[in-house]
Amino acid sequence: MIVNKVDKPQHAWLSVDSDVCHLSVNAAHKYHQSNQAKLIAELKLAESKPAEEITPPIQLSFQLMTCAEPPEMVIASIESLLAIKAADDEILIIDNNNTAVELYKPLADFCNSLHQQLKVRFYHVDTVAGFKAGALNLALQLMDAQSTHVVVVDSDYQALAHSRSAIAAAIHNYPDCALLQFPQFYRDADRLEVDSELNHYFNYHLYRRFNRQRALSTGTYAVIQYPALIQLGGWSGVSITEDAQMGVLMHKQGLRSQFIPEVIATGLLPTTISDLLNQRRRWIYGNAQVLKGYADIASVPALKTAAQRSSKPSLSVLTNTDSDTFTQRLAYRRAHFSQLSAWINATGIFILLQAITLLLLLVAVVTQSRFDTNLVLAPLYLVYASYGIYLTRRLWAYWHDESPLNRQLNPAMASTSASQRLRVWVLHLNFWELGALSWLPVLWGRNKPFICTPKLTIERNLRTLLLENIFALPKLLLVLNLITAFIVSPFSALYSPLLFACALSICLLKIWAAKVMLTNYAYKNPEVKCITKPVSQLIISPIIKSGISTVNDPLADTQQHSALNLISINDEDEQATDCSVIKQPLNAAKTSNNHSVNS
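Just so it is clear, the structure is predicted and the values come from calculations on it, not from any experiment.

With that out of the way, let us pick up the overall build of the protein chain. For the protein chain, the helix and strand inventory stands at 21 helices and 14 strands. Each of the 599 residues in the protein chain was classed as buried or not, and the buried ones make up 55%. Partitioning the contacts of the protein chain with sequence separation of at least 6, the portion at a separation of at least 24 is 85%. Just so you have it, the protein chain exposes about 25600 Å², and 60% of that area is on carbon and sulfur atoms.

Written out as structure tokens, the structure reads:
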């Protein structure tokens, strides 16, 4: 028996604004029906044209990897894609490493409620190795073989009305680029400083010309030529930032990339300060993993031609001329280091030096040892010199951030005022210790698991939320500088006016930074929801019971196994649906073009 991974339909997007707004249920139903009719009409029109009149189209595979996400949020993201997708585009959803039936069952039911020709398919995988990279590699096995490009979409990102046309225009304008990276942006208007701090990477860092032409992938809304991704061997699980790793691999093979400075989708910020910090730790650690193994990523010999890669519609033949010259290699290395180190700073060694110096001073004071004051305090002067350089460089960067991308959505979001830029810079100082120390374990080979940023909102009272937020904020630098200020204060025998002023300044900056962060994550009325409609209202068509059959997987690899429980939703017609379950080890790291499962 052959069970093909048949396309699954979905509802149309209910909002074209950057803010989260929804139509009424009746309006949603009408919009869904009209969009289905439009897409089906496009399919029939394409089938009626003579073959010689049809040019090879851009065919996108939108791929959403979910892991215990709120189903109403994921459904809203899928609806946004349905509103903009072309008739031949597919939407592939793989819920992975999640056994909470109450979270993935509504997604399966939602996919069942849609017309088959909308080409929406849902899969559930209990366990897959390789974190998100493993799920993305599984998507390569299951996707439509005729797709020309893969579009990675985070489950909380909602496409704007112009996103499909923007992607097509970018592919047309940069035909030789294997990777086109669109910016990540957020629609949480009530967290302006956090929003601006995260957007700074795209507004300022990646926006610079030498990075823009050599962009690494940042994950969501990365548009990747399917043959190029197959040529790489799929997604690498070496780093927990598989997107950045893939970008480096592409450049090492002579493939090109481009940052497209146009906002085409918006996502949600982490719901708590703890989640925000954990997300940043993951980015820092993963990028440090890529940097550590950078020299081991060897360039690959001559590239295959388009004809050798596959029999798919001809794509541009990519050449490696950009990396042939010494100057170009240096330019790529500069861009790689610039992007991979964007969240990292070099003050970690000086933070450790400050801690060691304070420890020695305390021991000397307690034991009443005689020592040369100037000699003992000398390391602290070096420490504060490094802190001053770090703070000045970051202030310069945020001061010169004109926020060009913010204005595309809302001119009011552009941090143009001096006070607003200062607040964004100060908020960034909450990540100071993370950027300085979180990457150090990479040096001795310690591996950390991939931690998915949760989007579930847990209601808390004011006191609980405040205590959790204060507890989550990094406090190492605040404590070290409070101790330093006490040791070198005017009441101490080690009094140093300069060191006292420096320590006090760092303390005040850290307190200000904490205040700005706590203001952004202040208590809100629990009745206010980002997505107001329950899942039962989003799923308009009646839920259809599915028959279940067990099939075997020919892609299993005896060298590396991962127990999977894969659910594929397949429509036999508009009333009946067949749901297939694969309970067989799959090797998620393989990148096969096989799109069927034999039993």
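Take the packing of helix H6 (residues 192-205) against helix H14 (residues 373-399) next. A pair of packed helices is characterised by two quantities: the angle between their axes and the separation of those axes. Where H6 contacts H14, the axes come no closer than 10 Å and their chain directions differ by 75°. On the basis of the axis angle, H6 is roughly perpendicular to H14. Residue-level inspection shows Glu197, His200 and Tyr204 of H6 in contact with H14, the latter providing Trp396, Ala397 and Tyr398. Split by residue class, the contact of H6 with H14 holds four nonpolar, one polar and one charged.

The topology assignment puts Gln339 in helix H12 (residues 326-340). On the basis of relative accessible area, Gln339 is assigned to the buried category, the value being 2%. Polar contacts involving the side chain of Gln339 include one to the main-chain carbonyl oxygen of Arg214, which spans 3.0 Å. Here Gln339 is in contact with Tyr201, His205, Leu206, Asn211, Arg214, Ala215, Leu216 and Asn287, once residues within four sequence places are set aside.

What follows concerns the packing of aromatic side chains. For the structure shown, the criterion picks out nine aromatic pairs. With centroids separated by 5.6 Å and ring planes inclined at 90°, the aromatic side chains of Tyr384 and Tyr387 adopt a geometry described as edge-to-face. Here Tyr384 pairs with Tyr387, and both are found in helix H14, just three residues apart, close to one helical turn. Each member of the pair, Tyr384 as well as Tyr387, is classed as buried. A connected cluster of aromatic rings, assembled from ring pairs, spans Tyr201, Phe202, Phe259, Trp283 and Trp343. Between Arg214 and the ring centre of Tyr332, over which it is positioned, the NZ or CZ distance is 5.3 Å.

The next point concerns the pairing of strand E8 (residues 222-225). In E8, alternate side chains face the same way, and those of Ala222 and Ile224 on one face and Val223 and Gln225 on the other are all buried. Pairing between strand E5 (residues 149-154) and E8: four bridges, direction antiparallel. Its bridge partner lying in E8, His149 is registered against Gln225. Bridging between strand E7 (residues 177-181) and E8 involves three bridges; their strand directions are antiparallel. When the sheet's bridge partners are listed, Leu180 is paired in E8 with Val223.

Turning to helix H13 (residues 348-367), a few remarks are in order. The end-to-end C-alpha separation of H13 is 29 Å, in line with the 28 Å expected for 20 residues at 1.5 Å each. What H13 keeps buried is the set Gly348, Ile351, Gln354, Thr357, Leu358, Leu361 and Ala364. For H13, the secondary structure elements touched by its buried residues are H14, helix H17 (432-437) and helix H19 (476-487). Downstream of H13 by a residue or two, Gln368 has a phi angle that is positive, lying close to 55°.

As a further point, take helix H2 (residues 71-84). The first and last C-alpha atoms of H2 sit 21 Å apart over 14 residues, in line with the 20 Å expected at 1.5 Å per residue. H2 sits mainly inside the fold: 13 of its 14 residues count as buried.

Moving on, we come to the side chain of Asp95. Relative to the helices and strands, Asp95 resides in strand E3 (residues 90-96). One buried charge, Asp95, has no salt-bridge partner; the nearest side chain with opposite charge is Lys132, at 13 Å. Here the side chain of Asp95 touches Thr66 through a polar contact of 2.8 Å, side chain to side chain. Once residues within four sequence positions are removed from consideration, Asp95 is found in contact with Thr66, Cys67, Ala68, Tyr104, Phe122, Tyr123, His124 and Val125.

A cluster of nonpolar side chains, Ile349, Leu352, Ile356 and Leu360, forms an exposed patch at the surface whose accessible area comes to about 400 Å². Along the polypeptide, Leu352 turns up in helix H13.

The next subject is the pairing of strand E4 (residues 120-125). Of all six residues in E4, six are buried, a share of seventy percent or more. With burial as the criterion, each face of E4 is covered, one bearing Val120, Phe122 and His124 and the other bearing Arg121, Tyr123 and Val125. Pairing geometry for E3 and E4, over six bridges, is parallel. Across the sheet, the residue bridging to Ile91 is Val120, located in E4. The β-α-β motif built from E3, the intervening helix H3 (residues 101-112) and the parallel element E4 has right-handed crossover chirality.

Another aspect to go through is the packing of H14 against helix H20 (residues 497-520). At their nearest, the axes of H14 and H20 sit 10 Å apart, and the two run at 40° to each other. The angle between the axes of H14 and H20 places the two elements in the oblique class. For the element pair H14 and H20, the recorded crossing hand is left-handed. Along the contact surface, H14 presents Leu377, Leu380, Tyr381, Tyr384, Tyr387 and Leu391, while H20 presents Leu498, Leu499, Cys502, Ala503, Ile506 and Leu509.

So, about the environment of Asp275. Tracing the backbone shows Asp275 in helix H10 (residues 273-292). Accessibility expressed as a relative area gives 14% for Asp275, which makes it buried. Not counting residues within four places of it along the chain, the set of residues in contact with Asp275 comprises Pro270, Thr453 and Pro454.

A few words on the environment of Phe337. Its location among the elements puts Phe337 in helix H12. In this structure Phe337 comes out as exposed when scored by relative accessible area, which is 51%. Separated by 46 residues in the primary sequence, Phe337 and Leu291 have C-alpha atoms spaced 7.6 Å apart.

One pass over the full model with this rule turns up ten salt bridges. Note that Asp89 and Arg164 form a salt bridge whose closest N and O atoms lie 2.6 Å from each other. Of this pair, Asp89 sits in the loop between H2 and E3 while Arg164 sits in helix H5 (residues 163-173), and the two are 75 residues apart along the sequence. The exposure classification of Asp89 matches that of Arg164, with both residues buried. Two residues, Arg421 and Glu402, come together in a salt bridge whose shortest N-O distance is 3.4 Å. Placement of Arg421 in helix H16 (residues 418-428) and of Glu402 in the loop between H14 and helix H15 (406-409) is noted, with a sequence separation of 19 residues between them. Residue classification places Glu402 among the partly exposed positions, given a relative accessible area of 42%.

A positive phi angle, near 55°, is found at Tyr221, a position not held by glycine. Summarising the element assignment, Tyr221 is placed in the loop between helix H7 (209-212) and E8. For Tyr221, a relative accessible area of 1% translates into the label buried. Positive phi outside glycine occurs at Ser403, with the angle close to 50°. Here Ser403 shows up in the loop between H14 and H15. Given the relative accessible area of 1%, Ser403 is considered buried.

Conventions used here
Residues numbered from 1 in each chain as written. Predicted model: local features only at pLDDT ≥ 70, side-chain atom pairs only at ≥ 80, totals over all residues. Heavy atoms only, no water. Helix = DSSP H or I, 4+ residues; strand = E, 2+ residues; numbered from the N terminus. Buried < 20%, exposed > 50% of the residue type's maximum accessible area, 1.4 Å probe, protein only. Contact = heavy atoms within 4.5 Å. Areas by Shrake-Rupley, 256 points an atom, 1.4 Å probe, with all protein chains shown as cover. Axes fitted to C-alpha atoms, helices over the stretch in contact; angles between N-to-C directions. Parallel < 35°, antiparallel > 145°, perpendicular 65-115°, else oblique. Nonpolar A, V, L, I, M, F, W, Y, C, P; charged D, E, K, R; others polar. Polar contact = N/O pair within 3.5 Å; in protein donor to acceptor, adjacent residues only side chain to side chain. Phe/Tyr/Trp six-rings, centres within 6.5 Å; stacked < 30°, edge-to-face > 60°. Lys NZ or Arg CZ within 6 Å of the ring centre and 35° of its normal. Pairing = 2+ DSSP bridges. Expected span 1.5 Å × (residues − 1). Lys, Arg positive; Asp, Glu negative; His and termini not counted. Salt bridge = Lys/Arg side-chain N within 4 Å of Asp/Glu carboxyl O. Patch = residues over 30% accessible without salt bridge, like charges linked within 9 Å, V, L, I, M, F, W, Y side chains within 5 Å. Right-handed = clockwise from strand over helix to strand, strands pointing away. Left-handed = near helix turned anticlockwise from the far one by under 90°.

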